[in-house]
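This is what each chain is made of:
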Amino acid sequence: MKPTVSVVVVTYGRPDSVRECLEHLQKLDTAPLEVVVVDSTPADTTRRLVRESFPDVRLLHSTLGRGTTPESRQMGYAVTSGDVVAFVDDDAYVAPDWLDELVAPYADPDVVAVGGRADNGIPGEEHDGLDRVGRLLPDGRLTGYFAADTGRVIEVDHLLGANMSFRRSALEAIGGIRGNYPGTCLCEESDISLRLRATGGRLLYTPTAVVRHMAAPYGIGGKRFDRRYLYYARRNHVVMLVRNFGWRDPMVRRYARTTWRAQSSYLWAVRSRLGPTMADGSPRSLLRRVTAPVVLSRAAAELWGLVAGVPAALVATRRDRADGVATP
């Protein structure tokens, strides 16, 4: 007997994306048990859209505002009843057989989470990183490559938030989804994955459960991979590692060193841009010289995020203990 599936979509400020996301969910070969939309936008544009055009969808309003994706995921998970809880981003549009392909690996009772492939429309992406999908590296970094078509179901260390699912009983066993991954909300899905992996459960990636990931503009303003993104990527990553492995784990120190060394490429680029001449002796353009501080600011954003991750991790682990969540 197939498990029942609840689908949760969290959103902030992207009503057009929500509309298309829900339209695709309506076209699934197998309908889910329920669909829940959690909207944290102050304006009611998205909520009005859902009420008027998708009356069968359960609608929740989070008043926590922007940058609270994990808290919205927890809200959605808390009101669902399916054996499996699946999450898709509001800008991720499912294929008709998505749910069937996503659920199939749960026939193995040891499987606690299953994620699928995100088609970003980038030529050749399906061939990149075939042996590096969803890995936690010894230096604490995480690999992605969730657009790779591995040709088979493989075991992974973490999943992509745009296309992931969890066995309800497994989520209940770890106390649900925890927050404190603000900003662009990076690492929050990896936190869930690493906590489940620590229980001994299996996390799988199946390339046949496909969503078309449109990468819509941030509803909270700014551009993808801007300095704010770089800051929160480092800040949240430190928090995630400390919460899951503890301060004494060498992986935390390795991650800090790796991040520091990674900035050398930025600093080298700045140095090369500031020089008056090119390597061949020709004059360097004024544009390259005046944009050097822009390059430097990206390194500064990453380093500041790394530093900010330390007090943020202290606060997060203290809250975890107060909430009764076991910490390393």
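So, here is what we can say about the structure in this document. (Residues numbered from 1 in each chain as written. Predicted model: local features only at pLDDT ≥ 70, side-chain atom pairs only at ≥ 80, totals over all residues. Heavy atoms only, no water.)

## Quick word on the overall build of the protein
Heads up, the condition is: Only runs of H or I of at least four residues qualify as helices and only runs of E of at least two qualify as strands under DSSP, and these elements are numbered from the N terminus. To sort residues, take the accessible area from a 1.4 Å probe on protein chains only and compare it with the maximum for the residue type: under 20% means buried, over 50% means exposed, and anything in between is partly exposed. Two residues qualify as a contact provided that any one of their heavy atoms is within 4.5 Å of a heavy atom in the partner residue. Note on areas: Shrake-Rupley, 1.4 Å probe, and residue coverage restricted to the protein chains presented here.
If you tally the helices and strands in the protein, you get 11 helices and nine strands. Each of the 328 residues in the protein was classed as buried or not, and the buried ones make up 52%. Sequence separation of at least 24 residues holds for 74% of the intrachain contacts in the protein that already meet a minimum separation of 6. If you sum the accessible surface of the protein, you get close to 15,400 Å²; carbon and sulfur atoms cover 55% of it.

## Some remarks on the nonpolar core
Quick note on the threshold: Think of a nonpolar core as a cluster: buried Ala, Val, Leu, Ile, Met, Phe, Trp, Tyr and Cys residues, connected wherever their side-chain atoms sit within 4.5 Å.
Ranked by size, the top nonpolar core spans 32 residues in total, and within it V7, L22, L25, V88 and W98 carry the most contacts. Aside from chain neighbours lying at most four places away, what touches V88 is V7, V8, V9, V10, C21, V94, W98, A162 and V211. In terms of nonpolar packing, the next biggest core, distinct from the first, is built from 26 residues, V112, M164, I177 and Y205 among them.

## A word on the packing of aromatic side chains
Applicable threshold: Working definition: a ring pair exists when centres of Phe, Tyr or Trp rings (six-membered ring for Trp) sit within 6.5 Å. Plane angles under 30 degrees give stacked, over 60 give edge-to-face, the rest tilted.
The final tally for this structure, using the stated rule, is three aromatic pairs. Summarising the aromatic geometry, the rings of Y231 and Y232 are spaced 4.9 Å apart at their centres and angled 80° between planes, so their arrangement reads as edge-to-face.

## Observations concerning helix α3 (residues 69-79)
Every α-helix carries 3.6 residues per turn, so stepping three or four residues along brings you back to the same face. In plain terms, the rule: This arc describes the spread of directions from the helix axis toward the C-beta atoms.
For α3, the set of buried residues is P70, S72, R73, G76 and Y77. Down the axis of α3, the sector holding all buried residues measures 155°, keeping them to one side.

## Re the pairing of strand β6 (residues 111-119)
A regular strand places its side chains so that they alternate between the two faces of the sheet. Heads up, the condition is: Two strands are said to pair when DSSP picks up at least two bridges between them.
Of all nine residues that make up β6, eight are buried, and the element is covered over most of its length. Direction of pairing for β6 relative to strand β9 (residues 202-213): parallel, over a ladder of eight bridges. When the bridges of β9 are listed, A118 appears paired with V211. Across three bridges, β6 lies against strand β8 (residues 163-167) in antiparallel orientation. Note on β8: the bridge partner recorded for G115 is M164.

## Some remarks on unusual backbone geometry
For Y145, which is not glycine, the phi torsion reads 60° and is therefore positive. Within the fold, Y145 resides in the loop between β6 and β7 (154-155). Even without a glycine there, the phi angle at N180 is positive, about 70°. Along the polypeptide, N180 turns up in the loop between α5 (168-173) and α6 (188-198).

## Looking at the packing of helix α1 (residues 15-26) against helix α2 (residues 45-53)
Helix-helix packing is characterised by the crossing angle of the two axes and by the distance between the axes. This is how it is decided: Under this scheme, a helix contributes an axis fitted over its contacting stretch, all axes are lines through C-alpha atoms, and angles between N-to-C directions fall in the 0 to 180 degree range. Roughly parallel refers to an angle under 35 degrees, roughly antiparallel to one over 145, roughly perpendicular to one between 65 and 115, and oblique to any angle outside these ranges. Rotating anticlockwise by less than a right angle from the far helix to the near helix defines a left-handed crossing, while the corresponding clockwise rotation defines a right-handed one. Amino acids outside the nonpolar list (Ala, Val, Leu, Ile, Met, Phe, Trp, Tyr, Cys, Pro) and the charged list (Asp, Glu, Lys, Arg) are all regarded as polar, and Gly is one of them.
Packing of α1 against α2 leaves a shortest axis separation of 9 Å and a crossing angle of 30°. Regarding the angle of α1 to α2, the classification is roughly parallel. In this structure, the crossing between α1 and α2 has a hand that is right-handed. From α1, P15, V18, R19 and L22 reach across to α2, where they touch T45, T46, L49, V50 and S53. Taken together, the residues that form the contact of α1 with α2 break down as five nonpolar, three polar and one charged.

## As for α6
Most of α6 sits out of view: nine of its 11 residues are buried. The inward-facing, buried residues of α6 abut α3, β6, β8, α5, β9 and α7 (227-245). Downstream of α6 by one or two residues, G200 has phi in the positive range, about 95°.

## Notes on the environment of V79
Relative to the assigned elements, V79 resides in helix α3. Note on V79: relative accessible area 27%, which makes it partly exposed. The sequence separation of V79 and L60 amounts to 19 residues, and the corresponding C-alpha distance is 9.5 Å.

## Regarding the packing of α7 against helix α8 (residues 250-262)
Put simply, α7 and α8 touch, their axes get as near as 10 Å, and they point 165° apart. In this view, α7 runs roughly antiparallel relative to α8, as classed from their interaxial angle. For the pair α7 and α8, the sense of crossing is right-handed. Taken together, the residues of α8 that come into contact with α7 (itself represented by A233, R234, H237, V238, L241, V242 and F245) are M251, V252, Y255 and T259. Looking at the contact of α7 with α8 residue by residue, the classes come out as eight nonpolar, two polar and one charged.

## A closer look at the pairing of strand β4 (residues 84-88)
Counting buried positions over the five residues of β4 gives five, a clear majority of the element. Neither face of β4 is open: one carries V84, A86 and V88, the other V85 and F87, and all of them are buried. Pairing between strand β1 (residues 5-11) and β4: four bridges, direction parallel. Bridge pairing in β4 places S6 opposite V85. With five bridges joining them, β4 and β8 adopt antiparallel strand pairing. Paired with A86 across the bridge in β8 is S165.

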